[in-house]
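Listed here are the chains, written in short residue letters.
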Amino acid sequence: MQETKLEKTNRGNYFEDFQLGQEIIHAVPRTITSGDVALYIGLTGSRFAVPSADTLAQSIGLRQAPIDDLLLFHLVFGRTVADISLNAIANLGYANCKFGVLAFPGDTISARSTVIGLKENSNGESGVVYVHSVGRNQRQEVVLDYVRWVMVRKRDKASPSVAAHVPSLPESVVVADFQLPAGLDFTRYDAALVGQPHLWDDYAVGEQIDHVDGMTLEESDHMTATRLYQNNAKVHFNQHSEGQGRFGRRLIYGGHIISLARALSFNGLAPAFKILAINGGRHLNPSFAGDTIYAWSEVIERIDLPERRDLGALRLKTRATKDHPCADFPGGNLQSGASIPAALVLELDYTVLVKR
Amino acid sequence: MQETKLEKTNRGNYFEDFQLGQEIIHAVPRTITSGDVALYIGLTGSRFAVPSADTLAQSIGLRQAPIDDLLLFHLVFGRTVADISLNAIANLGYANCKFGVLAFPGDTISARSTVIGLKENSNGESGVVYVHSVGRNQRQEVVLDYVRWVMVRKRDKASPSVAAHVPSLPESVVVADFQLPAGLDFTRYDAALVGQPHLWDDYAVGEQIDHVDGMTLEESDHMTATRLYQNNAKVHFNQHSEGQGRFGRRLIYGGHIISLARALSFNGLAPAFKILAINGGRHLNPSFAGDTIYAWSEVIERIDLPERRDLGALRLKTRATKDHPCADFPGGNLQSGASIPAALVLELDYTVLVKR
Amino acid sequence: MQETKLEKTNRGNYFEDFQLGQEIIHAVPRTITSGDVALYIGLTGSRFAVPSADTLAQSIGLRQAPIDDLLLFHLVFGRTVADISLNAIANLGYANCKFGVLAFPGDTISARSTVIGLKENSNGESGVVYVHSVGRNQRQEVVLDYVRWVMVRKRDKASPSVAAHVPSLPESVVVADFQLPAGLDFTRYDAALVGQPHLWDDYAVGEQIDHVDGMTLEESDHMTATRLYQNNAKVHFNQHSEGQGRFGRRLIYGGHIISLARALSFNGLAPAFKILAINGGRHLNPSFAGDTIYAWSEVIERIDLPERRDLGALRLKTRATKDHPCADFPGGNLQSGASIPAALVLELDYTVLVKR
């Protein structure tokens, strides 16, 4: 028996616990399986054809259906929560998120993060932590690489403040960082099976696409999704404590909203079969069970890919709303600094791959 | 950049968009996995032994546990919704539904439909579309073949009416169309593991079986099931719009009720290990979250199978109710044209395979 | 057609139906798949690293990630319900529960039980049935072996009473009955991936660990979990009948509470990677949808394992509460016979394996 007991309960890191340059090995690697794939479809209704069918994936040169990009994102993100954001007040943003090699059922992913920025808030009660996180498969190949920043509580208002360091981040992922899946070959591409006939050239810069459909959020659905990712942020699960908190309710993991917006975007963006990069993302308002999520997208940029005449990239901005159909494209001309409409919950700036 | 932008949003087909003889290739093939199987059990509670256990499936001559017949049905049906029934007012009926070769985890299914009938309603606002849909696996073997008819809105009341064509449909699937799984061998059949000792000869025509148990519907459950099938009919998912609609609530996919009725029917029909055919089906009233589903079955016909002394077929009529236990066998003597009791939600006429 | 129809509906066994020494083969074997694993994580949020990742399992000498011990427990238990506890008033206790060989995806489990005790209650309306249940894989290797006792209704108060026979049960599973997974080798153990640095020696007898987090129960979640296990006890699923019953609500399967308590216990017990035995368990109060489950654990005993200097066992008592955070360690000094606090829902006495 020990003289001094080690504290066993992990209460999460506070702002003071992070140091610039700190490297964090996140616990609990995860083998992704066809079970995760089925549950992801069941919880989001995603119909993108490549992750749905081995035959279709094989028809474009892949060995089998890959894991949906956002399922992979959430599984990597989920690893980082216990170390980074257990005491987070808010998940402020994402940047420079690059998808690496594809993941397939049977792959095991793990994650590490480096603290690349720290900035205490002027109220002395919290600060912003910037982390660079990298997800790898069992062969140590990078599957995902991104930066996020979160507002984290200080343990003690009186603790000395640290020198502010805010990393410089690219406004968008550069073309040279796009990692195209190996082996892609579109000679057997079948638009009828993909779901829409449009090719890269059919999408125009400035074009606005209403994804029309709506999906109502349920407590079970968002909690099951978030548990599936082993994301254990307290605010999503505990009505007993959240009932006495800021909103009186469980807050829905922002990533679940991203997934719903992407799933809804199939209607209009079915050919956007692969996410190459997330340039940035903001959760503009919280979502709760009972809200109905709608989405629309705008084409921001058409990007030529070097040495690929069969493929192009589109930079998109997808907005999601709650209880507000998107025929009027809400938030489309939102100025920086303007007040954010209450119905607007997400603005996601990302880049997708489309056949030319 | 394009001069004329192609509309990207799919608003679904209206009655005017269908033409007799039209062939439709449905998008988004789907690889069925053990993940789908687990979620199907989780959402329905099905206990039929053959799809539950490789060992049991092998003991009757199959290579491994096949996909549950109704899971397969919903996955094929789900492919067709975006093209056929996005603007449907009601799913009116099914006929001549024949199960083909078994599906196993790893198989990829896709679907095509042919418009075989059209009949405009006298109010000029909608019409009935009859489609013949065929699901195939990656070897192009037929896994499912059926007719359904739906009432679809017209885009424009003023559009010219088409000549009515109503296909003639068999009252039930004929014996010659039954496709028995290859390799079935009952010399090692273990009734104790199947769940009930009854054989084909133990079921009598006219026999009524109360399945006793009830299952309460939850929004999360029916939405997750319907999303799993990638069935994107709007009425199941969007409380924001349905709240202002016909029922004020999300309508539950009728196929989920069929699955619950089948799962409940294990208690009394455990030996009915395989559905050969669905002769017809009617959703008599809508179901909503909070309703508790009960079911009972009646043996309609005992069918000898040519050259099989080890197997027989039973034609059954299973009725499902909401909030009404079935000890009184509700709807059993319902006359054609009689008013339908509010508690009755389903009448399914189908044929199952049972060991003799 | 038959002269006398055999009753097809199984109404479950009543106290009179059980006989001392009776052997019961439970129906519906089940192949466990990665789909079950994904759904189990999605429903419980479990983060124990060994069942989560093939790589981590392989790093300690296993061939791949094994099935979570409690998922296995529920799947074996689920087989037994239709025969043992369909008419149970209460699940009174568990004892001498020993985990056998590990289960892996693809294994098919089945279960048999022997009636080892019977004791009629003095009111003549019910009695206690003791069963010894054994779960086996497709090679007939034992995966689980346990005793449970349930209070079961009598069919008829007037039926003659049986001689009481109460089996003697060990207070805890003895060391000689612990079955360690074959091949365990801790030379490559990585505590950073397991989630906490503590080793067996860091846990002290009498130590109390607050697992801090809370998980709110939803109807969909507990029903989906219980259906996944093919546990068909009526009280969990039927609001129409339970609304008129004892509690006015669906009762949550006690095993789901055990799984949540175990999942929550990761925070403090992450290194407890394997359950060797359940010495006893009591459901002290019922749980319902809307309740938030918390848990804490106490180290009861440190157990040396013969010929293993790399591994030790810890006997733990984990308590779960509803709507009551566990910083005050509720129920810790509960005397036998004392009134049970309303917030206390579970007391589980079990033994886990930890690296030394």
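Presented here is an overview of the structure given in this document. (Residues numbered from 1 in each chain as written. Chains lettered and ligands numbered in written order. Predicted model: local features only at pLDDT ≥ 70, side-chain atom pairs only at ≥ 80, totals over all residues.)

1. Looking at the nonpolar core
Then comes step 1: Formed by 305 residues in total, the largest nonpolar core has its most connected members in V129 of chain A, V129 of chain B together with V129 of chain C.
Then comes step 2: In contact with V129 of chain C, not counting residues within four places along its chain, are F15, F18, I84, V115, L118, W149, V150 and V152 of chain C. (Core = buried A, V, L, I, M, F, W, Y, C linked by C-beta atoms within 7 Å. Buried ≥ 20, exposed ≤ 12 C-beta atoms within 10 Å, placed from the backbone. Contact = placed C-beta atoms within 7 Å.)

2. Considerations on the interface of chain A and chain B
Then comes step 1: Taken together, the contacts link 43 residues of chain A with 37 residues of chain B.
Then comes step 2: Taken together, the elements giving at least two residues each to the side of chain A that touches chain B come down to α1 (34–44), α2 (49–52), α3 (54–59), α5 (191–194), β7 (208–210), β8 (215–216), α6 (219–228) and α9 (266–269) of chain A.
Then comes step 3: With nine residues, the single largest contributor to the side of chain A that touches chain B is α1 of chain A.
Then comes step 4: Split into classes, the residues belonging to the side of chain A that touches chain B amount to 17 nonpolar, 17 polar and nine charged. (Helix = DSSP H or I, 4+ residues; strand = E, 2+ residues; numbered from the N terminus. Nonpolar A, V, L, I, M, F, W, Y, C, P; charged D, E, K, R; others polar.)

3. Notes on helix α4 (residues 69–84) of chain C
Residues and elements named next belong to chain C.
Then comes step 1: Its 16 residues place the ends of α4 22 Å apart at the C-alpha level, agreeing with the 22 Å of an ideal helix rising 1.5 Å per residue.
Then comes step 2: Most pronounced at G78, the bend in α4 amounts to some 25 degrees.
Then comes step 3: With respect to burial, α4 is a largely interior element, 16 of its 16 residues being buried. (Expected span 1.5 Å × (residues − 1). Bend = angle between axes of the 7 residues up to and from the residue.)

4. Brief notes about the relation of the copies chain A and chain B
Then comes step 1: When chain A is fitted to chain B, the best match, at an RMSD of 0.0 Å, comes from turning it 120 degrees and sliding it 0.0 Å along the axis. Taken together, these values place the two copies in the relation of a three-fold axis. Measuring from the rotation axis to each C-alpha of chain A, the shortest distance belongs to G35 of chain A, at 2.2 Å. (Least-squares fit on C-alpha atoms with pLDDT ≥ 70 in both.)

5. What about the packing of helix α4 (residues 69–84) of chain B against helix α8 (residues 254–264) of chain B?
Residue and element names in this part refer to chain B.
Then comes step 1: Closest axis-to-axis distance for the α4/α8 pair is 10 Å, and the angle between their directions is 175 degrees. One way to sum up the angle between α4 and α8 is to call them roughly antiparallel. Contacts between α4 and α8 involve L70, H74 and F77 from the first element and G255, I258, S259 and R262 from the second.
Then comes step 2: The residue makeup of the contact of α4 with α8, split by class, is three nonpolar, three polar and one charged. (Axes fitted to C-alpha atoms, helices over the stretch in contact; angles between N-to-C directions. Parallel < 35°, antiparallel > 145°, perpendicular 65-115°, else oblique.)

6. Considerations on the relation of the copies chain C and chain A
Then comes step 1: With an RMSD of 0.0 Å, the fit of chain C onto chain A corresponds to turning through 120 degrees and sliding 0.0 Å along the axis.
Then comes step 2: The two copies present different faces, since only 14% of the interface residues in chain C are matched by interface residues at the equivalent positions in chain A.

7. Re unusual backbone geometry
All names here are of chain B.
Then comes step 1: Despite not being glycine, Q230 shows a phi value in the positive range, around 55 degrees.
Then comes step 2: Structurally, the position occupied by Q230 is in the loop between α6 (219–228) and α7 (239–242).
Then comes step 3: With a phi angle near 55 degrees, D323 is a residue other than glycine that sits in the positive phi range.
Then comes step 4: Residue placement: D323 occurs in the loop between β11 (311–322) and β12 (344–355).

8. Topic: the pairing of strand β9 (residues 274–283) of chain B
All names here are of chain B.
Then comes step 1: Among the 10 residues of β9, nine are classified as buried, and the element is accordingly described as predominantly covered.
Then comes step 2: Where strand β3 (residues 88–99) lies against β9, four bridges are found, and the strand directions are antiparallel. When the sheet's bridge partners are listed, A95 is paired in β9 with G280.
Then comes step 3: Where β9 meets β12, eight bridges bridge the pair, whose relative direction is antiparallel. Of the residues in β12, the one forming a bridge with H283 is L346. (Pairing = 2+ DSSP bridges.)

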